Amino acid sequence: MELPDITMTIDGKSVPHVAGFDVLNPSTEQVVAQAPDCADDQLDAAFDSAARAFGDWREDLPGRRQILSDAADALVANAEALAPVLTLEQGRPVDQAAIEVHAAAAWFRYFAALEIPTEIVQDDDAGRGEIIRKPVGVVGAITPWNFPLLLASWKLAPALLAGNTVVLKPSPYTPLATLALGAVLRDVVPAGVLNVVSGRDPLGAAMTAHPVPRKISFTGSIATGKRVAAAAADDLKRVTLELGGNDPAILLDDVEPAAITEKLFQFSFSNSGQVCSAIKRVYVHESRYAEVVEALTERVRAARVGDGFTEGVELGPIQNAPQYARVSGLVSAAIDDGATATTGGRPMDGPGYFFEPTVLTGLVEGSAIVDEEQFGPALPIMPYSRIEDAVQRANATNYGLGASVWGTDTERATAVAGQLDSGSVWVNTHMAVAPNLPFGGAKWSGLGVENGPWGYAAFTELQLVFRAR
Ligand code: TXE
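Described in the following lines is the structure provided in the data block.

Conventions adopted
- Residues numbered from 1 in each chain as written.
- Predicted model: local features only at pLDDT ≥ 70, side-chain atom pairs only at ≥ 80, totals over all residues.
- Heavy atoms only, no water.
- Helix = DSSP H or I, 4+ residues; strand = E, 2+ residues; numbered from the N terminus.
- Rg over C-alpha atoms; globule rule 2.2 N^0.38 Å.
- Buried < 20%, exposed > 50% of the residue type's maximum accessible area, 1.4 Å probe, protein only.
- Areas by Shrake-Rupley, 256 points an atom, 1.4 Å probe, with all protein chains shown as cover.
- Pairing = 2+ DSSP bridges.
- Axes fitted to C-alpha atoms, helices over the stretch in contact; angles between N-to-C directions.
- Near = heavy atom within 4 Å.
- Polar contact = N/O pair within 3.5 Å; in protein donor to acceptor, adjacent residues only side chain to side chain.
- Nonpolar A, V, L, I, M, F, W, Y, C, P; charged D, E, K, R; others polar.
- Salt bridge = Lys/Arg side-chain N within 4 Å of Asp/Glu carboxyl O.
- Parallel < 35°, antiparallel > 145°, perpendicular 65-115°, else oblique.
- Left-handed = near helix turned anticlockwise from the far one by under 90°.
- Contact = heavy atoms within 4.5 Å.

The subject of this paragraph is the overall build of the chain. Looking only at helices and strands, one finds 15 helices and 22 strands in the chain. A compact globule built from 469 residues would reach a C-alpha radius of gyration of about 23 Å, and the chain, at 23 Å, matches this within 12%. Dimensions along the principal axes, computed over C-alpha positions, put the chain at roughly 65 × 65 × 40 Å. Within the chain, the fraction of its 469 residues that count as buried is 57%. As displayed, the chain has an accessible area near 18,200 Å², and 54% of this comes from carbon and sulfur atoms.

Here is the structure:
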């Protein structure tokens with residue numbers, strides 16, 4: 001496959017690089033490209049150009065709206081070129097990769113049109129107080145390898161709408177589509193407003209330590225998120241952290257297993273489980289347990305796993321070697337401890353980081369695959385008898401991204417959902433994520449919120465203008 005332009009974008013231009021690093025196709029383990037390894041002076045140049053561009057960019061809200069809308073059009077126009085790049089580096093089936101490109105465009109479109117209401121907090125004999133939202137300045141955006149373009153759009157669209165300029169860095173595992181996005185937007189966004197650099201993990205650390213950005217918006221692991229927060233504290237950069245999850249789904253005693261099996265499968269296994277807000281553990285009332293395990297096992301067994309370029313494939317590989325080793329280790333440790341894989345349980349024959357989609361029973365808390373984020377195609381299902389216990393077990397964790405409750409009596413399910421400690425709770429669905437819906441983690445799953453007016457506000461400094469009467 002011929003790759004599009006994967007050079008870095010700095011100050012509106014393609015920049016040559018001297019050093020590069022290998023990018024692999026996770027379906028074949030073959031090197032598919034050398035991505036640019038951003039040098040120190042190139043990172044400085046990217047931040048300097050963002051700082052220069054900020055002065056004009058912040059002044060023109062209607063112009064910014066138009067450019068965000070043009071960016072959405074450019075993404076759609078280039079979807080057929082970008083989707084295969086995503087599949088090549090990330091592994092996901094190419095039809096799902098195309099959905100990601102269109103979803104990223106939808107985020108740009110949403111923010112292009114987002115109303116920013118005037119906020120008057122006081123208007124009386126004493127005076128008038130109005131809230132003004134000012135851009136923070138230059139933003140460093142750091143993204144992970146599971147949805148490179150979509151998660152970039154969650155940062156770029158609100159940051160740019162608010163009048164900030166951005167330096168974006170994708171994961172070293174999946175830099176190609178993001179670099180290509182930078183190239184596509186060179187003709188759309190004024191020079192310096194959006195810079196795209198790539199490099200190994202130390203480049204992320206260099207961004208968080210850099211004196212120019214006033215905000216870091218980060219999506220990735222909890223461990224790295226804590227490092228970002230610590231680094232940002234030095235000069236009090238603002239941070240938004242969207243970190244890992246270990247989302248529970250609680251199935252009440254009035255669920256109809258046949259009606260929800262496909263949804264449970266999709267919300268647990270799509271993108272081979274590599275979704276921050278995927279279902280990562282399931283608690284089922286004991287009266288329905290056998291039925292749910294059987295139905296889900298059958299669906300998971302039927303899942304078509306393979307190279308994302310093969311017609312009809314539903315699930316691609318695990319994205320990278322360390323993650324493959326981690327998922328394999330968690331599943332084999334669970335089985336060694338007495339868990340049963342009702343389907344799957346083993347790595348598949350290579351090449352490629354393919355792992356059999358797996359359903360695990362016979363587990364309780366204390367097992368690593370229940371207590372930690374597996375981020376892969378393996379799902380523990382556990383029975384409970386009292387709903388109070390299920391809620392307590394669901395909450396007994398440092399994670400708090402999403403959670404869901406499933407039942408025919410929606411009022412009752414909603415009441416249970418209200419007892420769960422997470423940034424989002426969903427009733428009879430999971431992973432309901434959209435540009436207008438706030439998304440953020442409680443506890444160690446994050447800091448701050450993305451999307452909607454809240455996500456926009458996170459890229460601003462709040463200023464009170466108070467006029468005495
Ligand atoms: O993430 P990292 P990894 C979870 C998932 C997975 C684990 C590890 O559980 O097993 O994270 O994935 C950049 N300062 N999630 O190791 O390291 C890095 O280059 C600043 C959940 O790939 O957190 C990349 O661009 N940045 C998650 C980004 O951080 C640094 C999605 C994320 O990488 C840095 C992915 C540093 N010191 C993994 N070191 C989700 N929330 O969806 C690295 N980076």
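Let us keep going from here.
Turning to the sheet that holds strand β5 (residues 119-123), a few remarks are in order. Note on sheets: strands pair through backbone hydrogen bonds, and any given pair is parallel or antiparallel. Ordered in space as β5-β6-β22, the 3 strands form an open sheet in which the pairing is antiparallel. Lying at the two open borders of the sheet, with one neighbouring strand each, are β5 and β22 (460-468). Averaged over all pairs of adjacent strands, the angle between their axes in this sheet comes to 25°, without regard to strand direction.

Another aspect to go through is the site of the ligand. In the vicinity of the ligand there are 26 residues, among which T143, W145, D201, S221 and Q323 approach most closely. Within the side chain of N146, a nitrogen or oxygen atom sits 3.4 Å from an oxygen atom of the ligand. Contact with the protein chains removes 88% of the 830 Å² of surface that the ligand exposes when unbound. For the shell around the ligand, the elements supplying multiple residues, two or more each, are α7 (201-209), β10 (215-219) and α8 (222-233). With 4 residues, the top contributor of residues to the shell around the ligand is α7. Broken down by class, the residue content of the shell around the ligand amounts to 11 nonpolar, 11 polar and 4 charged.

Turning to the pattern of salt bridges, a few remarks are in order. Per the stated rule, a full pass over the model turns up 26 salt bridges. Close ionic contact of D123 with R469 constitutes a salt bridge, the shortest N to O distance being 2.1 Å. Here D123 is found in strand β5, whereas its partner R469 is found in the segment after β22, with 346 residues between them in sequence. Ionic pairing is found between D389 and R386, a salt bridge with its closest N-O pair at 3.1 Å. Under the relative-accessibility criterion, D389 is labelled partly exposed at 29%. Salt bridges sharing partners connect three or more residues here, namely D123, R128, E130 and R469.

What follows deals with the packing of helix α3 (residues 79-90) against helix α4 (residues 94-113). Put simply, α3 and α4 touch, their axes get as near as 8 Å, and they point 125° apart. Here α4 runs oblique to α3, going by the angle between their axes. The hand of the α3/α4 crossing is right-handed. Between α3 and α4, the residues in contact are A79, L82, A83, P84, L86 and T87 and V94, A97, A98, E100, V101 and H102, respectively. Among the residues forming the contact of α3 with α4, the class breakdown is 9 nonpolar, 2 polar and 1 charged.

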